[in-house]
Amino acid sequence: MSDSSNQLPGKVVEVMVDSIFRKNGIKKEELKKNLSEEQKQMLKEMVEDLKKQVDQFNNKKTEEEG
């Protein structure tokens, strides 16, 4: 994949996470201060999982179109 296609899943994840934070009244700055290292690691893993899911979805759509 090209760099631009790798950036798309990251952007989708960012939008999703930002939307969830806004819906729940969470400010990123406050969140960063109040998270334990374990919670930070869990969030990183969740983001990576979301990226993989977006990649799988994109690959499936590409295969169906091709």
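Owing to the predicted nature of the structure, the values given are computational and were not obtained by experimental measurement.

### So, the overall build of the protein chain
Turning to step 1, where the next piece is worked out: Helices and strands together make up the secondary structure of the protein chain, namely three helices and zero strands.
Turning to step 2, where the next piece is worked out: Shown N-terminal to C-terminal, the secondary structure of the protein chain runs as helices and strands in the order α-α-α.
Turning to step 3, where the next piece is worked out: The proportion of buried residues among the 66 residues of the protein chain is 9%.
Turning to step 4, where the next piece is worked out: On the protein chain, roughly 5,800 Å² of surface is accessible, and the fraction owed to carbon and sulfur atoms is 52%.

### Things to note about the environment of Leu-50
Turning to step 1, where the next piece is worked out: Assignment of secondary structure puts Leu-50 in helix α3 (residues 37-65).
Turning to step 2, where the next piece is worked out: C-alpha of Leu-50 to C-alpha of Met-16: the two residues are 34 residues apart in sequence and 9.5 Å apart in space.
Turning to step 3, where the next piece is worked out: For Leu-50, the contacting residues outside a window of four places in its chain are Val-13 and Met-16.

### Section: the pattern of salt bridges
Turning to step 1, where the next piece is worked out: The full count for this structure, using the stated rule, is three salt bridges.
Turning to step 2, where the next piece is worked out: The salt bridge involving Glu-37 is made with Lys-40; its shortest N-O contact spans 3.6 Å. Of this pair, Glu-37 and Lys-40 both sit in helix α3, three residues apart, which is roughly one turn of that helix.

### A short note on the confidence of the model for the protein chain
Turning to step 1, where the next piece is worked out: Mean pLDDT over the protein chain stands at 80; residues scoring 70 or higher make up 86%.
Turning to step 2, where the next piece is worked out: Mean pLDDT across the secondary structure elements of the protein chain bottoms out at helix α1 (residues 3-23), with 74, and peaks at α3, with 86.

Here is what the cut-offs are and how they apply
- Residues numbered from 1 in each chain as written.
- Predicted model: local features only at pLDDT ≥ 70, side-chain atom pairs only at ≥ 80, totals over all residues.
- Heavy atoms only, no water.
- Helix = DSSP H or I, 4+ residues; strand = E, 2+ residues; numbered from the N terminus.
- Buried < 20%, exposed > 50% of the residue type's maximum accessible area, 1.4 Å probe, protein only.
- Areas by Shrake-Rupley, 256 points an atom, 1.4 Å probe, with all protein chains shown as cover.
- Contact = heavy atoms within 4.5 Å.
- Salt bridge = Lys/Arg side-chain N within 4 Å of Asp/Glu carboxyl O.
- pLDDT = per-residue confidence, 0-100.

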